[in-house]
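So you can see what is in the structure, the chains are spelled out below.
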Amino acid sequence: MRLSKFFMPILRDDPKEAEIVSHKYMLRAGMIRQESAGIYSWLPLGLKVLKKIENIVHEEQAKTGANELLMPTIQSADLWRQSGRYEDYGKEMLRITDRHDRDMLYGPTNEEMITSIFKSGVQSYKDMPLNLYHIQWKFRDEVRPRFGIMRGREFLMKDGYSFDMTPQEGKHAYNKMFVAYLRTYARMGLKAIPMRADTGPIGGDSSHEFLILADTGESEVFFDKAFYDMDWSTFEIDYDDKQAVASVVDDFTSKYAAAEEIHNQEEFDAKVPKDRQVSGRGIEVGHIFFFGTKYSKPLGALVQDAEGNQVPVQSGSYGIGVSRLVGGIIEASHDENGIIWPQAVAPFDVGIINLKSGDAATDKQCEQLYGDLQAAGFDVLYDDRDDRAGAKFARMDLIGLPWAITVGPRGVKSGMAEVKNRKSGEKTDVPFSDVGKFISQ
RNA sequence: CGGGGCGUAGCGCAGCCUGGCAGCGCAUCUGCUUUGGGAGCAGAGGGUCGCAGGUUCGAAUCCUGCCGCCCCGACCA
């Protein structure tokens with residue numbers, strides 16, 4: 001993409017409403033635009049990141065055998081009246097009336113609908129187990145939306161639901177998601193620590209929240225330093241191997257980690273030596289629950305087992321805050337000059353800075369490099385605008401692409417591009433023909 | 001929901017108290033000079049001063065009502 005043709009409205013000053021770094025940088029880099037309290041438009045740069053995150057979620061879900069579907073944002077109130085939650089949900093639910101005076105709502109979650117879909121499609125144990133998920137916009141009419149997309153009213157969420165015949169199988173489904181979530185976050189360059197969570201009003205047997213550490217996190221967290229030394233990204237796993245999956249879960253859950261609501265200092269002291277106790281602030285980017293039959297019984301989600309009995313299914317639900325992750329990643333990875341995108345979620349792989357647009361030799365060299373890198377499979381943002389060097393460097397740092405390649409008359413003469421690693425800040429002179437190879441390493 | 005604050009050009013703000021041509025910086029456009037970390041000079045464009053009503057010869061400014069937004073707290077994925 002040529003910057004001259006890319007809609008990326010950069011702001012030089014911090015918008016006054018932005019308090020935390022991710023909100024500031026997202027507005028300044030032209031990733032989002034606020035439309036209303038807690039409601040945002042996603043501009044091209046922001047949307048590219050959002051899509052990258054979605055893709056990683058899809059890929060990791062696919063490995064577990066989960067099925068993607070797509071449910072509507074608007075739901076009928078009838079469905080919610082049946083579960084009794086229409087009244088219970090309160091003012092957080094946005095209620096709408098259609099032209100026929102029917103009560104509708106903008107879905108804050110999809111348990112009712114997915115259960116209805118499940119019931120209409122599955123009657124036998126032969127169709128089990130099943131995991132259905134989608135990535136869809138949700139609306140919860142928060143009392144006080146804030147921090148940009150971190151606590152918006154409209155937000156993009158992956159929500160998945162598992163259905164199994166026995167508690168053991170249900171627990172395995174839960175464990176699979178536990179591991180899949182670890183892998184999903186790890187691919188985004190995040191260490192999302194699974195913390196035992198309060199099941200709260202939802203109830204159920206088992207629940208974990210995944211929190212990434214950042215000073216601006218909304219909750220205080222306490223955990224064992226040992227998490228820092230764990231293997232977060234490399235484990236390959238056979239999801240059908242119940243033992244292997246369970247042992248990864250055990251490995252993580254055996255170490256102390258809790259958010260403040262559930263934190264118990266006595267237990268913390270008993271399980272973790274003082275010098276390994278760590279506390280900090282965290283951002284919740286995922287939450288998983290295993291319910292057993294808590295919902296399937298009242299909702300009548302029954303299937304026939306091999307003996308012909310109607311039995312309630314074992315269910316669980318699994319959520320990832322997809323849009324929140326965009327902000328969460330920025331909170332976890334930035335410096336005073338801007339965002340530092342982890343490779344896997346960067347809006348572009350690499351940026352080319354033409355230091356002297358209009359200079360025939362420099363333009364030609366940039367065009368050549370731009371074409372070569374694209375041919376090599378890189379998604380390239382080519383800054384071909386006629387701005388001063390300083391402005392271009394500042395802009396490239398702000399949007400935080402992993403690599404920035406500077407091409408100027410000096411380099412054209414010597415045959416070298418200056419390749420800068422955004423994260424380390426390290427600059428290396430590389431012959432133009434070797435740039436692709438260099439940044440692949 | 002309680003408390004505090006703010007709505008004036010794309011962004012950041014001044015002007016309001018004490019009514020009298022709607023301004024400044026950045027950004028944008030044109031020209032010239034520049035060009036390896038947010039250039040200089042000269043010029044230009046861009047506004048229902050959040051909305052509605054009132055007071056007044058005259059309202060961004062005073063009064064009333066409404067709307068929107070932000071921050072702190074409580075609450076919450």
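Please read all numbers here as calculations on a predicted model, not as lab measurements.

The next thing to look at is the confidence of the model for chain A. Per-residue confidence for chain A gives a mean pLDDT of 92; residues scoring 70 or more make up 98%. Confidence, expressed as mean pLDDT per element, reaches its minimum in chain A at helix 9 (residues 296-299) with 85 and its maximum at strand 21 (residues 403-407) with 98. Two numbers describe this predicted complex: its pTM, 0.95, and its ipTM, 0.93.

What follows is about the sheet that holds strand 20 (residues 380-383). Sheet architecture is open: 5 strands sit in the order 20-19-21-22-23, paired in mixed fashion. Here the strands that pair on one side only, and so sit at the sheet edges, are strand 20 and strand 23 (427-431). Each strand axis lies, on average, 25° off the axis of its neighbour in the sheet, ignoring direction. In the sheet, strand 19 (residues 350-354) pairs with strand 21 via 5 bridges, with the strands oriented parallel. Considered in strand 21, the bridge of N354 is made with V407. Its contacts with the sheet put helix 12 (residues 389-399) on strand 19, strand 20, strand 21 and strand 22 (416-421), and the angle it makes with strand 19 is roughly 170°.

To continue, consider the protein's contact with RNA strand B. Near RNA strand B lie 41 residues; those nearest to it are R12, R151, G152, R388 and D397. Taking all atoms of RNA strand B within 4 Å of the protein, the share assigned to sugar and phosphate is 42%. R146 has a polar side-chain atom sitting 2.9 Å from a base nitrogen of RNA strand B. The backbone of R410 places a nitrogen or oxygen atom 2.9 Å from a base oxygen of RNA strand B.

Before going further, it helps to examine the sheet that holds strand 5 (residues 94-97). Within the open sheet, the 3 strands sit side by side as 4-6-5. Their pairing is antiparallel. Taken across any chain shown, the strands that pair with only one partner, and hence form the sheet edges, are strand 4 (74-76) and strand 5. In this sheet, neighbouring strand axes are inclined to one another by 40° on average, regardless of whether the strands run parallel or antiparallel. Judged from the 4 bridges that link them, strand 5 and strand 6 (residues 103-106) form a sheet pairing that is antiparallel. What sits directly across from R95, in strand 6, is L105.

Let's shift gears to the pairing of strand 7 (residues 130-139). The side chains of a regular strand alternate, residue by residue, between the two faces of the sheet. Of all the 10 residues making up strand 7, 9 are buried; the element is thus mostly covered by neighbouring parts of the structure. Sheet topology note: the strand 7/strand 8 (residues 154-164) ladder contains 10 bridges and is antiparallel. Bridging from a neighbouring strand, Q136 pairs with M157 of strand 8.

The subject of this paragraph is the packing of aromatic side chains. Any two aromatic rings considered together are summarised by their centre-to-centre distance and by the angle between their planes. Enumeration according to the criterion identifies 19 aromatic pairs in this entry. Among the aromatic residues, ring-to-ring pairing joins F178, Y181, Y185 and F210 into one connected group. When the ring centre of F348 is taken as reference, the NZ or CZ atom of K48 above it lies at 3.9 Å. Lying over the aromatic face of Y86, R81 brings its terminal NZ or CZ to 4.7 Å of the ring centre.

Here we come to the side chain of S296. By secondary structure assignment, the location of S296 is in helix 9. Within the structure, S296 has its side chain in polar contact with the backbone oxygen of V313 (distance 2.5 Å).

On to the packing of helix 2 (residues 44-64) against helix 6 (residues 167-187). When two helices pack together, their arrangement is given by the angle between the helix axes and by the axis-to-axis distance. Interhelical geometry of helix 2 versus helix 6 gives an angle of 150° and a closest axis separation of 9 Å. With respect to helix 6, the axis of helix 2 lies roughly antiparallel. For helix 2 against helix 6, the interelement crossing comes out right-handed. On helix 6, the residues touching I56, V57, E59, E60, Q61, K63 and T64 of helix 2 are K176, M177, A180, Y181, R183, T184 and R187. Considered class by class, the residues forming the contact of helix 2 with helix 6 number 5 nonpolar, 3 polar and 6 charged.

So, on to the environment of L213. In this structure, L213 sits in strand 10 (residues 206-213). Put simply, L213 and E331 are 118 residues apart on the chain and 8.6 Å apart in space, counted from C-alpha to C-alpha. If near-sequence neighbours (up to four positions away) are discounted, L213 is found in contact with I193, V221, F223, Y228, R281, G282 and A332.

Before going further, it helps to spend a moment on the side chain of R324. Note that R324 resides in helix 10 (residues 322-332). At 4.4 Å, E218 is the nearest oppositely charged side chain to R324, a buried residue that forms no salt bridge. In this view, R324 contacts I149, M150, R151, E218, I283 and E284; residues no more than four positions away in its chain are not counted.

Take the nonpolar core next. Formed by 82 residues in total, the largest nonpolar core has its most connected members in M31, I53, Y185, M188, F210, V326 and W341. Tallying contributions element by element places helix 6 first for this core, with 9 residues. Not counting residues within four places of it along the chain, the set of residues in contact with V326 comprises M26, M31, W42, V49, L50, I53, I149 and W341. With 20 residues, the next largest nonpolar core counts A77, W80, M165 and A301 among its residues.

Conventions adopted
Residues numbered from 1 in each chain as written. Chains lettered and ligands numbered in written order. Predicted model: local features only at pLDDT ≥ 70, side-chain atom pairs only at ≥ 80, totals over all residues. Heavy atoms only, no water. pLDDT = per-residue confidence, 0-100. Helix = DSSP H or I, 4+ residues; strand = E, 2+ residues; numbered from the N terminus. Pairing = 2+ DSSP bridges. Axes fitted to C-alpha atoms, helices over the stretch in contact; angles between N-to-C directions. Contact = heavy atoms within 4.5 Å. Near = heavy atom within 4 Å. Polar contact = N/O pair within 3.5 Å; in protein donor to acceptor, adjacent residues only side chain to side chain. Buried < 20%, exposed > 50% of the residue type's maximum accessible area, 1.4 Å probe, protein only. Phe/Tyr/Trp six-rings, centres within 6.5 Å; stacked < 30°, edge-to-face > 60°. Lys NZ or Arg CZ within 6 Å of the ring centre and 35° of its normal. Parallel < 35°, antiparallel > 145°, perpendicular 65-115°, else oblique. Left-handed = near helix turned anticlockwise from the far one by under 90°. Nonpolar A, V, L, I, M, F, W, Y, C, P; charged D, E, K, R; others polar. Lys, Arg positive; Asp, Glu negative; His and termini not counted. Salt bridge = Lys/Arg side-chain N within 4 Å of Asp/Glu carboxyl O. Core = buried A, V, L, I, M, F, W, Y, C linked by side-chain atoms within 4.5 Å.

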